[in-house]
Amino acid sequence: MIVSSPKNFLVRVSAALVLLVSLSAAGSPEEKQISVYSTVANYSLPVLQQNGHDYVGFFEVIDPLGKVNLKIDGNHWNIRYNDVECDFKKGSETARLQGQNVHLGSNFVLQNNHGFVPVNSLSALLPKLLGGPVTVNEAARRVFIGNVGIHFTAQIRNTALVMDFTSGVNPSISTEPGKLKLIFAHEPVEAPSTPTLTFSSQQIASATFSENNGAVEIAIAGSVPLFASFSNNGKTITIQAAPQQQVSNKRTATQSPASNNAQVLPFAPQSAPRYFAIIDAAHGGTETGATLGNQLFEKDVTLAIARHLRDELMVRNVSVMLVRDGDDLLTTDQRASAANQQHPAIYICIHASTEGRGVRVYTALMASGGTNQGPFLDWQTAQSPFLSSSQQAAATIAAELQKSHVSARQLTAALRPLNNILAAAVGVEVAPPTSSPDGLASPAYQQFIAGAIANGITDLRYQPGAAQ
Amino acid sequence: MNSRQLIIAVVLLFVASLGMGFYAWHMRKNAKANASATYAASVTPPASGPTEQATLFVADDSAGSLRTQQATISLPEDRQERAEELIRALLNTYLEKNSPHIIAPGSDVREVFLVDPGVAVIDMNSVFADNHRSGILVEDLTVASLVETLAQNLPGIQRVKILVNGKERDTLAGHADLSIFYDVSSINQMMSQMAASQ
């Protein structure tokens, strides 16, 4: 019988069935698997338990790597990879590879024409068959073919843990109280010099590397709920305190246990208090926004104005929360989620620009989007039911600015995440008072503008129908 | 020729050489100015053929709104090519000296696709987006001028999508959302608000 690589679909399907049946018969609670990493492909294969040893289908291991031909003759199983041939015999502990004996450690298993070799024989078989270096981590069941490992560094920058990888990664993320876990199922992430890295940070204590069952887990221990964001084409993962927690020292909310398998940590809506206003300083981290002058970035001006606005609102006895209170990189979806989880009366995102004068107050320009499906709202148009409240809020804020002799315009803009907010939502773009952009950096000007906006927000509490 | 005539001739020759030198300097200066203006004007040669009147919706930064501007441009018969020439004419306005809304030299439209009844997809080059000024108003003005110029000159267009280098992009320069289809009716409302709040 000859099976050539392009025609092996049925072979692989039936091999998988054999493995499944075998695993079911063994009653294994967790499916064992082995991961193979190469320059051609990264893949995971099921592991079969026989006579107390771990086995893997040998054809399945090498088939994705190149041209493979298989001949089966009774109890003899012959596999050819490119020009290298290897003979196996059912029940034999020895294989013949290019005329030399290779000890397998236990018997070769042949079931329904499918050949299985012990996992611990791969380190002897693969280098000779493939003609290159192969590293087999038997305990973790991870096979590295060639120099494919991904290395990483982890260090605290500001208050965030920044992990830089040598190649892009896409781990799944899960959370549990006090921990955020990155699970790399298909990436050849290699261990750091020590399995546990410790940090002198109040929020993030350590990152622990472990590898098992063909996967890698990096568990980050934190004293606060954490979330992960990706940048640099997946080469950088930034772990930081969830935005809700960044202001939690101003309140005494208790955190409910976070759910598992969440890409972004939930913001504990059941235990969190309701804020009247959510203030979102636009941009942050590597996303600097506009360059407003020499070394003056929009992200810094927006944060300064947001902090002034928070202080002004607190003086007016308005409960308020900042989406970010540091130089944090957040996506617009994360900002919208943070705001929506708090069910505020009004959401205000702050922007800054050197174009024009005064302040421009925006409401969402609604795109034509999909329709709501039962309880599921269309994300692009989630703001629609709140648009009139938003317009009323924008008008009130613009009026208060004009009362303070600040030029104010009320406009619409396709500005995310306004259209994703489930509350009255306005965007504020602050321009300098004169032709010089320097005014934007002036704390006095920032506070003056923040005070006028705070007056407008405070007025909303007494307007029927607005920002309810 | 006596000595007096000789002196007059030498003086005349000297004055003439000075004049010619000044003229040559002047011509060289003009040539330099024309060369830079040519670079800034367009990266794609205009279409040839009969010209038509078109209405461009030009962003004006100083007013913070759009204004209309009549332009005489060569418009091909093909509706898709007409759309591209309209966008190119608008961009050329922004690339001119004393532009009311500066965009980066080299900005250009790659293609305009007219799909489905009423949908236009404008594919801009990466120079246009990568070097666009960042800000809510300045980005919205650009988007609105592109959408309105297309919609008002090609009847039937109701929705416009903007791509960059053939791909969808989150924002133009950090603010204006490019992940959505812009409704022409929404842009009309935006224009009205801009005009009303000047």
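For the structure itself, consult the block above.
Residues numbered from 1 in each chain as written. Chains lettered and ligands numbered in written order. Predicted model: local features only at pLDDT ≥ 70, side-chain atom pairs only at ≥ 80, totals over all residues.

**Things to note about the overall build of chain B**
Across its full length, chain B holds 5 helices and 6 strands. When the helices and strands of chain B are placed in sequence order, the string is α-β-β-α-β-β-α-α-β-β-α. Of all 198 residues assigned to chain B, the portion counted as buried reaches 35%. Within chain B, residue pairs in contact and separated by at least 24 positions form 64% of the contacts whose partners lie at least 6 positions apart. (Helix = DSSP H or I, 4+ residues; strand = E, 2+ residues; numbered from the N terminus. Buried ≥ 20, exposed ≤ 12 C-beta atoms within 10 Å, placed from the backbone. Contact = placed C-beta atoms within 7 Å.)

**A closer look at the interface of chain B and chain A**
Taken together, the contacts link 23 residues of chain B with 24 residues of chain A. Elements that contribute at least two residues to the side of chain B that touches chain A include exactly helix H4 (136–153), strand S6 (182–183) and helix H5 (184–196) of chain B. No other element matches H5 of chain B, which puts 5 residues into the side of chain B that touches chain A. Taken together, the residues of the side of chain B that touches chain A sort by class into 9 nonpolar, 9 polar and 5 charged. (Nonpolar A, V, L, I, M, F, W, Y, C, P; charged D, E, K, R; others polar.)

**Points about the environment of Asn-82 of chain A**
By the element assignment, Asn-82 of chain A lies in the loop between strand S7 (76–81) and strand S8 (84–89). Counting along the chain gives 16 residues from Asn-82 of chain A to Gly-66 of chain A, while the straight-line C-alpha distance between them is 7.0 Å.

**What about the sheet that holds strand S5 (residues 53–57) of chain A?**
Residue and element names in this part refer to chain A. Taken together, 4 strands build an open sheet; the order of strands is S4-S5-S12-S11 and the sheet is antiparallel. Looking at the sheet topology across the chains shown, the edges are occupied by strand S4 (48–50) and strand S11 (109–111). Geometrically, the sheet is characterised by an average inter-axis angle of 40° between neighbouring strands, direction not taken into account. (Pairing = 2+ DSSP bridges. Axes fitted to C-alpha atoms, helices over the stretch in contact; angles between N-to-C directions.)

**Topic: the environment of Gln-100 of chain A**
Positionally, Gln-100 of chain A belongs in strand S10 (residues 100–103). Note: C-alpha distance between Gln-100 of chain A and Cys-86 of chain A (14 residues apart in sequence) is 9.3 Å.

**With respect to the sheet that holds strand S2 (residues 33–37) of chain A**
Residue and element names in this part refer to chain A. Read across the sheet, 4 strands follow the order S3-S2-S14-S13 without closing on themselves; strand pairing throughout is mixed. The strands lining the two open edges of the sheet, one partner per strand, are strand S3 (42–46) and strand S13 (134–137). Across this sheet, the average inter-strand angle for adjacent strands is 15°, counted without regard to direction. As paired elements, S2 and S3 share 5 bridges and run antiparallel to each other. Residue pairing in the sheet places Ser-35 in a bridge with Ser-44 of S3.

**Some words on the nonpolar core**
Counting residues in hydrophobic clusters, the biggest one holds 112 residues, and the most contacted among them are Ala-277, Ile-279, Ile-346 and Ile-453 of chain A together with Ile-87 of chain B. The element that contributes the greatest number of residues to this core is H4 of chain B, accounting for 10 residues. When neighbours within four sequence positions are excluded, Ala-277 of chain A is seen to be in contact with Leu-313, Val-318, Val-320, Pro-344, Ala-345, Ile-346, Ile-348 and Ile-457 of chain A. (Core = buried A, V, L, I, M, F, W, Y, C linked by C-beta atoms within 7 Å.)

**So, the packing of helix H5 (residues 298–315) of chain A against helix H8 (residues 443–460) of chain A**
All names here are of chain A. Taken N-terminus to C-terminus, the directions of H5 and H8 make an angle of 50°; their axes are 8 Å apart at the nearest point. When the interaxial angle is binned, H5 and H8 end up oblique. H8 is crossed by H5, and the crossing has right-handed handedness. Where H5 abuts H8, its residues Ala-304, Ile-305, His-308, Leu-309, Glu-312 and Leu-313 lie against Gln-446, Gln-447, Ile-449, Ala-450, Gly-451, Ile-453, Ala-454 and Ile-457. When grouped by side-chain class, the residues that make up the contact of H5 with H8 number 9 nonpolar, 4 polar and 1 charged. (Parallel < 35°, antiparallel > 145°, perpendicular 65-115°, else oblique. Left-handed = near helix turned anticlockwise from the far one by under 90°.)

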